[in-house]
Amino acid sequence: MSVLLTNIGTLVTNDSALGAGPLGVIHDAAVVFDGEVVAWVGPAGQAPDADERHDLGGAAVLPGFVESHSHLVFAGDRAEEFGARMAGKPYAAGGIRTTIAATRAATDDQLRANVRRLLDESLRSGSTTVEIKSGYGQSVASELRSVRIAAEFTDEVTLLAAHVPPPEYAGRADDYVEMVCSEMIEACAPHAKWIDVFCEQGAFDRDQADAVLTAGAAAGLIPRVHGNQLHQGPGVQVAVAHNAASVDHVAHVSKADIEALASSSTVATVLPAADFCTRNSYPDARALIDAGVTVALGADCNPGTSYTTSIPFCIALAVRDLRMTPEEAVWAATVGGAKALRRNDVGVLSPGMRADAVVLDAPSYLHLAYRPGVPLVRQIWKGGGTPPAWPAHRGSGHGVRDGSGATR
């Protein structure tokens with residue numbers, strides 16, 4: 001079935017060959033979906049016929065957000081920790097161990113229900129592609145369970161085996177890394193695409209991160225890194241050395257780090273909601289962008305430091321506190337996220353791309369930063385259909401409706 005969305009006030013295509021500027025903006029526009037892909041984009045007056053026609057009344061349309069950094073397989077919350085932090089207690093990575101205990105104690109169905117709840121929430125905020133990390137199991141059995149559950153919902157599954165050393169390995173980080181490299185990665189790799197490591201004081205050092213990424217790559221997993229979140233450290237350099245798809249957080253980087261990123265293919269993913277929730281320093285996204293670094297923007301949903309699924313909220317933070325322009329922030333949340341996942345089929349609305357789009361209750365994408373905290377996402381199109389909720393299982397099609405309302 002083909003679907004025509006017309007009378008679009010401002011259409012962000014992210015294809016400069018189709019429209020103005022780096023966002024490829026077309027005013028008074030239309031787009032046609034044919035099945036799960038974009039078939040046509042251009043001025044509304046030139047739109048071809050389609051099986052269905054939807055008049056959007058001047059609303060803005062942009063590609064679905066690409067969330068390249070989330071931690072959704074967990075149980076419990078850390079609201080009390082957040083309250084203590086707001087009262088002055090500094091954040092330390094050790095709080096992750098609280099979630100490890102809750103996650104290990106949860107049933108599969110409880111974990112699965114929490115993932116689905118957060119994905120539904122994320123979808124309502126406009127995220128149509130979501131990466132999911134493990135990392136709150138920290139044993140072979142628990143991490144295997146986590147990646148299996150994540151794989152029910154997305155192809156973008158990350159094994160964050162090295163999040164922090166779990167309690168039973170306290171003071172023995174080298175022993176834990178040895179177990180990760182010799183047992184955990186082998187068991188979990190068939191269910192994951194990516195390998196990640198938290199290279200930070202209180203987590204894992206350069207040598208330990210190097211060992212994890214090397215073992216992951218040997219098992220066919222693609223490296224990515226949590227780095228330079230709390231302190232200036234080796235995370236960026238480790239990521240670049242391993243040709244990682246992305247290094248995420250980058251709140252404390254040196255000139256050498258920026259130069260290394262600018263001369264590499266590694267994307268710098270900024271996660272301002274985490275810095276908002278920890279009162280950490282915000283990344284200097286302006287310095288990164290001006291140096292030619294590719295920047296992605298994510299929400300980093302997790303129970304300890306960024307319990308939000310809202311990319312629009314992160315766009316507002318990026319514009320206000322990271323000194324990004326609205327155009328840069330929208331690009332980073334769409335194309336930037338796609339590049340962080342090494343995807344070229346999402347984050348863009350041009351012929352042949354996935355038909356993932358967000359309709360705003362506003363005439364322009366500028367309102368995402370101009371009206372912070374307002375629920376502006378009016379409608380979501382995912383794979384050419386309007387999903388009322390995230391599919392129950394990846395590829396099943398459960399609960400996804402096309403434009404006519406028929407389940408497919």
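Above this note sits the structure.
Residues numbered from 1 in each chain as written. Predicted model: local features only at pLDDT ≥ 70, side-chain atom pairs only at ≥ 80, totals over all residues. Heavy atoms only, no water.

Evaluation of the coordinates by the stated rule reveals six aromatic pairs. Ring pairs connect the aromatic residues F74, Y136 and Y307, which therefore count as one cluster. Sitting over the ring of W194, R224 keeps its end group 4.3 Å from the ring centre. (Phe/Tyr/Trp six-rings, centres within 6.5 Å; stacked < 30°, edge-to-face > 60°. Lys NZ or Arg CZ within 6 Å of the ring centre and 35° of its normal.)

We now examine the nonpolar core. With 93 residues, the main nonpolar core has I132, L159, L288, L297, I315 and L360 as its most contacted residues. When residues in this core are grouped by element, the largest group, seven residues, is from helix α5 (residues 173–188). Ignoring sequence-local partners within four residues, the contact set of L288 consists of V250, I258, L261, A268, V270, V293 and V295. Membership of the second largest hydrophobic core comes to 18 residues, among which are A29, V31, F33 and V61. (Core = buried A, V, L, I, M, F, W, Y, C linked by side-chain atoms within 4.5 Å. Buried < 20%, exposed > 50% of the residue type's maximum accessible area, 1.4 Å probe, protein only. Helix = DSSP H or I, 4+ residues; strand = E, 2+ residues; numbered from the N terminus. Contact = heavy atoms within 4.5 Å.)

This brings us to the side chain of E131. Summarising the element assignment, E131 is placed in the loop between β7 (127–130) and β8 (132–133). Exposure remark for E131: the relative accessible area of 0% places this residue in the buried category. Of the polar contacts made by the side chain of E131, one reaches the side chain of T158; its length is 2.6 Å. (Polar contact = N/O pair within 3.5 Å; in protein donor to acceptor, adjacent residues only side chain to side chain.)

So, on to the pattern of salt bridges. Any two side chains of opposite charge can pair if their charged atoms end up close together. On inspection of all chains with the given rule, the structure shows 18 salt bridges. Between E81 and R85 there is a salt bridge, and its shortest N-O distance comes to 3.2 Å. Of this pair, E81 and R85 are both found in helix α1 (residues 79–86), four residues apart, which corresponds to roughly one turn of the helix. Residue K193 pairs with E156 through a salt bridge whose shortest N-O separation is 3.1 Å. Highlighted residues: K193 in the loop between α5 and β10 (194–199) and E156 in the loop between α4 (140–151) and β9 (157–162), separated in sequence by 37 residues. Note on K193: relative accessible area 26%, which makes it partly exposed. By relative accessible area, which is 2% here, E156 ends up buried. Salt bridges linked by common partners bring E156, K193, R343 and D345 together as one network. (Salt bridge = Lys/Arg side-chain N within 4 Å of Asp/Glu carboxyl O.)

Another aspect to go through is the packing of helix α11 (residues 311–321) against helix α12 (residues 326–340). Orientation of α11 relative to α12, taken along the N-to-C sense of each, is 140°, at an axis distance of 9 Å. Taken together, the axes of α11 and α12 lie oblique to each other. Note that α11 runs across α12; the crossing there is right-handed. In this structure, α11 uses I311, I315, A318 and V319 to contact α12, whose residues at the interface are P326, A329, V330 and A333. In terms of residue class, the contact of α11 with α12 is built from eight nonpolar, no polar and no charged. (Axes fitted to C-alpha atoms, helices over the stretch in contact; angles between N-to-C directions. Parallel < 35°, antiparallel > 145°, perpendicular 65-115°, else oblique. Left-handed = near helix turned anticlockwise from the far one by under 90°. Nonpolar A, V, L, I, M, F, W, Y, C, P; charged D, E, K, R; others polar.)

In terms of burial, β9 is largely enclosed, as six of its six residues are buried. Of the pairings in the sheet, the one linking β8 to β9 comprises two bridges and is parallel in character. The residue bridging K133 from the neighbouring strand is T158, located in β9. Between the parallel pair β8 and β9, the chain is carried across by α4, and the sense of this crossover is right-handed. Direction of pairing for β9 relative to β10: parallel, over a ladder of three bridges. Bridge pairing in β10 places A162 opposite V197. In this fold, the crossover linking β9 to β10 by way of α5 has right-handed handedness. (Pairing = 2+ DSSP bridges. Right-handed = clockwise from strand over helix to strand, strands pointing away.)

Let us look at a negative patch on the surface. Together, D174, D205, D207 and D210 give the surface a local cluster of negative charge. Its place among the elements puts D210 in helix α6 (residues 206–218). (Patch = residues over 30% accessible without salt bridge, like charges linked within 9 Å, V, L, I, M, F, W, Y side chains within 5 Å. Areas by Shrake-Rupley, 256 points an atom, 1.4 Å probe, with all protein chains shown as cover. Lys, Arg positive; Asp, Glu negative; His and termini not counted. Charge placed at Lys NZ, Arg CZ, Asp CG, Glu CD.)

Time to look at unusual backbone geometry. Backbone geometry at N228 places phi at a positive 55°, although glycine is not the residue there. Examined against the element boundaries, N228 turns out to sit in the loop between β11 (222–227) and α7 (235–241). The exposure class of N228 is buried, given its relative accessible area of 1%.

For the rest of this paragraph, the subject is the sheet that holds strand β13 (residues 267–270). Read from one edge of the open sheet, seven strands run β8-β9-β10-β11-β12-β13-β14, paired in parallel fashion. Only two strands of the sheet have a single neighbouring strand rather than two, namely β8 and β14 (295–297). Relative to β11, β10 is paired through six bridges, and the arrangement is parallel. Directly across from V197, in β11, lies its bridge partner V225. Against the sheet, α4 contacts β8 and β9, and its axis sits at roughly 165° relative to β9. Where α5 meets the sheet, its contacts fall on β9 and β10, and the angle it forms with β9 comes to roughly 155°.

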